[in-house]
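Understanding the architecture of this molecule
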Amino acid sequence: MRGWAAIILLMLPLVAVGQSARVEGVRVWEAPDNVRIVFDVSGPIEHSVFKLDGPDRIVVDITDAVARNLPATGINGGLVRNVRTGVRNGTDVRVVLDLSGPAQPRSFLLRPNDRYGHRLVIDLAPAQAQVRQAAVTRSAPTALRDLVIAIDAGHGGEDPGAVGPSGLHEKEVTLQIARRLARLVEAEYGMQAVLTRTGDYYVDRSERINRARAARADLFVSIHADAFTDPRAHGSSVYTLSERGATSEAARLLAERENAADLIGGVRLNDKDDMLASVLLDLSQTGVIGASRTVGAAVLEQLHQVGRVHKREVQAANFLVLKAPDVPSILVETAFISNPTEEGRLRDANHQQVLAQAVMGGIRAYFTDHAPPTTLVAVNGIGGGQRGGVPHVIARGETLSHIARRYNVSIQQLRSSNNIASDRIRVGDTLLIPSA
Ligand SMILES: [Zn+2]
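Residues numbered from 1 in each chain as written. Predicted model: local features only at pLDDT ≥ 70, side-chain atom pairs only at ≥ 80, totals over all residues. Heavy atoms only, no water.

**Considering the overall build of the chain**
Along the chain, the regular secondary structure elements total 12 helices and 18 strands. Split into buried and exposed, the 436 residues of the chain put 50% on the buried side. Long-range pairs, those at least 24 residues apart, make up 72% of the contacts in the chain with a sequence separation of at least 6. Counting only carbon and sulfur atoms, one obtains 52% of the accessible surface of the chain, whose full area is about 21300 Å². (Helix = DSSP H or I, 4+ residues; strand = E, 2+ residues; numbered from the N terminus. Buried < 20%, exposed > 50% of the residue type's maximum accessible area, 1.4 Å probe, protein only. Contact = heavy atoms within 4.5 Å. Areas by Shrake-Rupley, 256 points an atom, 1.4 Å probe, with all protein chains shown as cover.)

**Brief notes about the pairing of strand E11 (residues 147-153)**
Most of E11 is tucked away, with seven of its seven residues classed as buried. Side chains of E11 alternate between two faces, with Leu147, Ile149, Ile151 and Ala153 and Val148, Ala150 and Asp152 buried alike. For the handedness criterion, the β-α-β arrangement of E11, helix H2 (residues 170-187) and strand E12 (residues 191-195) is classed as right-handed. (Right-handed = clockwise from strand over helix to strand, strands pointing away.)

**A word on the sheet that holds strand E3 (residues 47-52)**
The four strands lie next to each other as E3-E4-E8-E7, forming an open sheet whose pairing is antiparallel. The sheet terminates laterally at E3 and strand E7 (80-88), the two strands that pair on one side only. Recorded for the sheet is a direction-independent mean angle of 15 degrees between the axes of neighbouring strands. Looking at chain direction, E3 and strand E4 (residues 57-62) are connected through six bridges and run antiparallel. Within E4, the residue paired with Ser48 across the bridge is Asp61. (Pairing = 2+ DSSP bridges. Axes fitted to C-alpha atoms, helices over the stretch in contact; angles between N-to-C directions.)

**Some words on the coordination of the zinc ion**
Tetrahedral metal sites with four donors have an ideal angle of 109.5 degrees; octahedral sites with six donors have ideal angles of 90 or 180 degrees. Only His155 (NE2), Glu170 (OE), His224 (ND1), Glu258 (OE) and Glu258 (OE) from the protein coordinate the zinc ion, and they sit 2.1 to 2.4 Å from it. Counting the intervening residues between successive donors of the zinc ion yields the motif H-x14-E-x53-H-x33-E. In this pair, His155 is assigned in the loop between E11 and H2 and Glu258 in helix H4 (residues 249-259), connecting sequence segments 103 residues apart. (Donors = N, O, S within 2.8 Å, 3.2 Å for Na, K, Ca; no water.)

**Regarding unusual backbone geometry**
Following Gly54, the chain continues into Pro55 via a peptide bond in cis, with omega recorded as -5 degrees. In this fold, Pro55 is placed in the loop between E3 and E4. For Asp64, which is not glycine, the phi dihedral falls at a positive 50 degrees. At Asn89, a residue that is not glycine, the phi angle is positive and equals roughly 55 degrees. Its location among the elements puts Asn89 in the loop between E7 and strand E8 (92-99).

**Comments concerning helix H3 (residues 205-214)**
Along H3, the positions that sit buried rather than exposed are Ser206, Glu207, Arg208, Ile209, Arg211 and Ala212. Note on H3: the residue one or two positions beyond its end, Arg216, has a positive phi of about 50 degrees.

**Observations concerning the packing of helix H8 (residues 340-347) against helix H9 (residues 349-370)**
Viewed as axis vectors pointing N to C, H8 and H9 meet at an angle of 85 degrees, and their least axial separation amounts to 5 Å. Relative to H9, the element H8 is oriented roughly perpendicular. Contact with H8, carried on its side by Arg345, Leu346 and Arg347, involves Ala349, His351, Gln352 and Leu355 of H9 and no other residues of that element. (Parallel < 35°, antiparallel > 145°, perpendicular 65-115°, else oblique.)

**A few points about the nonpolar core**
Soluble globular proteins tend to bury their nonpolar side chains together. With 44 residues, the main nonpolar core has Ile149, Ile151, Leu181, Val221, Leu346 and Ile363 as its most contacted residues. In this structure, Ile151 is in contact with Ala178, Leu181, Ala182, Val185, Ala193, Val194, Leu195, Thr196, Val221 and Ile223, ignoring residues within four places of it in sequence. Counting 25 residues, the second largest nonpolar core, distinct from the first, contains Val28, Ile45, Leu70 and Val83. (Core = buried A, V, L, I, M, F, W, Y, C linked by side-chain atoms within 4.5 Å.)

**Some points on the sheet that holds E12**
Here we have six strands laid out as an open sheet, ordered E12-E11-E13-E16-E14-E15, and mixed in their pairing. If you trace the sheet from one side to the other, it starts and ends with E12 and strand E15 (315-317), each paired once. With direction set aside, neighbouring strand axes in the sheet form an average angle of 30 degrees. Where E11 lies against E12, five bridges are found, and the strand directions are parallel. Looking across to E12, one finds that Ile151 is bridged to Leu195. The sheet strands contacting H8 are strand E13 (219-226) and strand E16 (329-336), and the helix crosses E16 at an angle near 115 degrees.

**Comments concerning the packing of helix H11 (residues 400-407) against helix H12 (residues 411-418)**
Between H11 and H12, the least distance of the axes is 9 Å, while the angle of their chain directions is 105 degrees. Comparing their axes, H12 and H11 come out roughly perpendicular. Packed against H11, whose contacting residues are Leu400, Ser401, Ile403 and Ala404, the element H12 presents Ile411, Leu414 and Arg415 at the interface. Class assignment of the residues belonging to the contact of H11 with H12 gives a composition of five nonpolar, one polar and one charged. (Nonpolar A, V, L, I, M, F, W, Y, C, P; charged D, E, K, R; others polar.)

**Thoughts on the environment of Val288**
Secondary-structure assignment places Val288 in helix H7 (residues 286-306). Taking the C-alpha atoms as reference, Val288 lies 6.2 Å from Asp326; in sequence the two are 38 residues apart. Apart from residues lying up to four places away in sequence, Val288 is in contact with Ala324, Pro325, Asp326, Val327 and Pro328.

**Focus on the pairing of E16**
Consecutive residues of a regular strand have side chains that alternate between opposite faces of the sheet. Counting buried residues along E16, eight of its eight residues qualify, which places the element largely inside the surrounding structure. Sheet topology note: the E13/E16 ladder contains six bridges and is parallel. What sits directly across from His224, in E16, is Glu333.

**Describing the packing of aromatic side chains**
One pass over the full model with this rule turns up two aromatic pairs. The interplanar angle of 65 degrees and the centroid separation of 5.2 Å between the aromatic rings of Tyr239 and Phe319 together place this pair among those described as edge-to-face. In this pair, Tyr239 sits in strand E14 (residues 237-241) while Phe319 sits in the loop between E15 and E16, placing the two residues 80 residues apart along the sequence. For Tyr239, a relative accessible area of 5% translates into the label buried. When the ring of Tyr366 is compared with that of Phe367, the centres are 4.9 Å apart and the planes differ by 70 degrees; the resulting orientation is edge-to-face. In terms of burial, Tyr366 and Phe367 fall into one category: buried. Sitting over the face of the ring of Tyr202, Arg208 holds its NZ or CZ atom 5.4 Å from the ring centroid. (Phe/Tyr/Trp six-rings, centres within 6.5 Å; stacked < 30°, edge-to-face > 60°. Lys NZ or Arg CZ within 6 Å of the ring centre and 35° of its normal.)

Written out as structure tokens, the structure reads:
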């Protein structure tokens, strides 16, 4: 009997430790308007989160858990300064996040998926959220507007997307190509770019769409890199939304995989309903889908000119990120990251630029015929066309010097580009404003 008791006593601590959840790692993802902190945990956990000030801290208590040598990644002098762990009440883990300012926490648990196990997610919204609106600002006001191109770098943060044979992450490639494309768009007459993400953090799909819509985008281009079990699969593809069904089984599987991004990246809970509402709001999506197909074909044509395409036709499938009800939207699978040769090209800056230029060429081709009438491109053509200048209708009380100041050009430039010798101008006349 004695022997048995000793064994049982010895076993008890082991059993207790075995049942405790282990906190195995923590990743911090800093975005411009929020911070996501992700804990890997060994199983379902109970937790509580609260905030303290003076100095600002977030405290996360995880019931019946252990955390040893918790490795933290992604701390880079942003909102989260430091992550400390300790034992509380003998059996609980207390994690303290030292912050550089006040923030409102929100937390939720994520179930395992094919990439991660159980996770605890804490989202922090900075108190004075300097939420960088996707602001549509021009150096000077005009009656006619720029075309706005929303560029969406797929994946990010917790969600690496597809991973190439030598370890290249799709999320890195998509951001690099998206940035290159944004620079090309910005350099284009009468166009401006809005990036749905600008760093290595996750943005869920409804937020990506919301950012495009808030910027009143004329086009939404989502950049991705494809993956397939057969490493020989290669070439670029362009996709549009289909709610009826996919053009092929491969397209359906791809859409399924891309749509799963929110499960991996960690979806935010309260955005879903807004999204659903906005989709239901406008069921006349067919016009937008038609426009998406047209721009998709123009982009595919350009990609075909610079390299191999996977499919000659624009493909369609139920991609949730393409569901803005009022913005023509395409998804570009730039190449197969699962193909060792194409993975190498995707990593190459020159090839990234070639891909960005091809997409830009397609955008240009599309808006040659399809720019909305109130845009500079519709009036003056792609690249500013023959007239070369921003038209300005002279209002009551305006003088040449006033207009020159407003557009940041000299009076001399104004005079010469409009063939006027004096300072006399007439209300209602149109001046062409040269580029500064
Ligand atoms: Zn992707």
